[in-house]
Structures are given as C-alpha cells and as structure tokens.
Amino acid sequence: MGILNVTPDSFSDGGDHYALDDALAHAQQMLAEGVDIIDVGGESTRPGSVRPPEDEELRRVVPVVAALAGMGIQVSVDTMRAGVAAAAIENGAAIINDVSAGLADPDMLRVVADSPADYIAMHWRGHGSEMNQLAHYDDVTGEVMTELGARIGAALSAGITPERLIIDPGYGFAKDATQNWQLLADQEHFVSLGYRLLVGVSRKRFLGDLLRDGRGPRPVLHRDDAAVAITTLSALQGAWAVRTHTVRQHRDAVEVVARLRQVWDAPEGHPSGLR
Ligand code: PMM
C-alpha cells in the first residue's frame, strides 16, 4: 500500500491543479514500482498536528480518489470522517482507512457498513494533538489487543462483515519507541486474530531513534531500509499489507517471501525434514 498524502506540507506550492497533477504523477510512479493499493490522505495525523475542516479535507481528497479510481486503481482513503468516507466511496474508493477505528466520528461504522468498501480499523487513543500524552500502558500488547478487539466488535455489530475488516496495531499512535518494539515483537498475536493485518511503520520516529548516531536520530528520508526489514518480518508472519512511502524495495521483499513460501508449501519442499 503506497502512501499518497495530499496535505499542504506534502504538496504546498501551486494551486489545486498543480497539486492534483503532482499527486497523480506520484501515484503513477508507485504503480510502476509494483504497488497494489494507493492510500490517499488529506489529514496529517502526526503528533501535534491541527485538523483541517471537513470541506478542506474533501477538497484535497475527492479529486485524487476520483482520478485514480477512474483509472482502475485500487484506492484506500485515510480519513476519520464519515462524510469524507462517504464521498470517497461514491467516487470509487474501495477501502476506508480509519486510524481511529470509528472513535473519531460516530457515523463512520454505519457509513462503511452500508457500503461495499473494506474497512481498516487501527488502534488509536486520541487525535495528534493529545496522543503523546496517552502513551501509558502496563502491558502494551495486551491493552492494544483488548482496545482493538472492542473496535472490531463495534465494527462487526455495525454490520461490517469479518471479510471486509482489516486490522492495524497503529505503530506510533499513542505509543513510544519501547512500546512500538514490544508490539512488533508480539505482532504474530495480531495475525492470529484471523483478520487481514496492515503494518504501518514507514519513516516513523522509532526507526529514526533506533538508527541514531552522533548527529542525532536518522533523518526521515533515510529510514526506509529499516522499514523493509520490518516488511520482510511482516510478510513472513502472514501480514496482508504494509503501508509505505517507498514501494520498490518493499515489493522486492514481498516477492522474496512469496517465492520462499512456494517452496515451503510444496509437498516436496522439505526433503530434509528440517521444517
Ligand atoms: N500511519 C500514519 C497515517 N495513517 N494508517 C494506518 N492504517 N496505519 C498507520 O500506521 C498509519 C496510517 C502516519 O504516517 P504518515 O503521516 O507518514 O502518513
């Protein structure tokens, strides 16, 4: 899943048309590198970020969704607003990626349930303005599993069928670096819930901290190789997708694991009896 953020910090210069062209060119590049889904986002969810009004989010997202879906591309839309989700689905979005799993907008689950779209439910505790203060856990994996489990229950009760549901532990959302590593170490628990699992670690701060040197944290644009390592791990565990800013090297990692899986799954795959 390739990230296409249509927020002012990503596409600041020029008017609407320039931003749309820029977004479409970036989408084409990701497609050429083997992306399967493009995740369009019009609201930055970074810690400390200020939310745009809904009409502004619609103005950013809908033209890009309509253009990509019109080209037959599978589009997901990263939004916490039911109104944006409804407009995106109407314009061809196949997946709603709601980082709040229905907590930010009471109408979200119903809107998705009444549509054909798939739904990504991520573990979330609060908006960017407050999420760093919410990163307190006694047992991070247990609490994230319980809280996400409640959101899965709410989505199912609203009428979103299990096959349409995708779950995400929400790396970096109300979690510090230690908590992210604990969740990653326990990621197989999420796979074992039986839903499709999405993993989003691309360029996140905990990778910058891991790769810190004398000059400070590894800069944002130099964290991609570490994310590829996590993609390999996630693919081996059976994750459904990774959400990433760069595509080619993640695609390559997924191809390596898929090829190995062919060997492992073949009846004659383990003549040595080692596995
Ligand atoms: N991370 C960000 C935004 N949206 N959606 C899902 N499902 N999972 C994530 O981990 C996630 C997300 C923040 O990253 P960005 O600001 O680089 O897009």
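You'll find the structure just up there.
So, how was this worked out
Residues numbered from 1 in each chain as written. Predicted model: local features only at pLDDT ≥ 70, side-chain atom pairs only at ≥ 80, totals over all residues. Heavy atoms only, no water. Pairing = 2+ DSSP bridges. Helix = DSSP H or I, 4+ residues; strand = E, 2+ residues; numbered from the N terminus. Phe/Tyr/Trp six-rings, centres within 6.5 Å; stacked < 30°, edge-to-face > 60°. Buried < 20%, exposed > 50% of the residue type's maximum accessible area, 1.4 Å probe, protein only. Axes fitted to C-alpha atoms, helices over the stretch in contact; angles between N-to-C directions. Parallel < 35°, antiparallel > 145°, perpendicular 65-115°, else oblique. Left-handed = near helix turned anticlockwise from the far one by under 90°. Contact = heavy atoms within 4.5 Å. Nonpolar A, V, L, I, M, F, W, Y, C, P; charged D, E, K, R; others polar.

Moving on, we get to the sheet that holds strand β3 (residues 74-78). Adjacent strands of a sheet pair through backbone hydrogen bonds, lying either parallel or antiparallel. Judged by pairing direction, the sheet is parallel, and its 8 strands sit side by side in the order β1-β2-β3-β4-β5-β6-β7-β8 without closing on themselves. Of all the strands in the sheet, just β1 (2-5) and β8 (241-242) have a single pairing partner and so form its edges. Two strands pair when backbone bridges link them, and strand β2 (residues 37-41) and β3 are joined in this way by 5 bridges, in the parallel orientation. By the bridge assignment for β3, D39 is matched with S76.

Tallied over the full model, the rule gives 2 aromatic pairs. Relative to F206, the ring of Y171 lies with its centre 6.4 Å away and its plane at 25°, an arrangement referred to as stacked. Here Y171, found in the loop between β6 (165-168) and α6 (177-185), pairs with F206, found in helix α8 (residues 205-210); they are 35 residues apart in sequence, far enough to count as distant. Neither residue differs from the other here; Y171 and F206 are each classed as buried. Measuring from ring centre to ring centre gives 5.1 Å for W181 and F206, while their planes differ by 70°; the resulting arrangement is edge-to-face.

This part is about the packing of helix α9 (residues 224-237) against helix α10 (residues 248-265). Direction vectors running N to C along α9 and α10 enclose 25°, while the axes themselves pass 9 Å from each other. Considered as vectors, α9 and α10 are oriented roughly parallel to each other. Handedness of the α9/α10 crossing: right-handed. Side by side, α9 and α10 meet where D224, A227, V228, T231, T232, A235, L236 and Q237 of the first sit next to Q249, H250, A253, V254, V257, R261 and W264 of the second. Split into classes, the residues belonging to the contact of α9 with α10 amount to 8 nonpolar, 5 polar and 2 charged.

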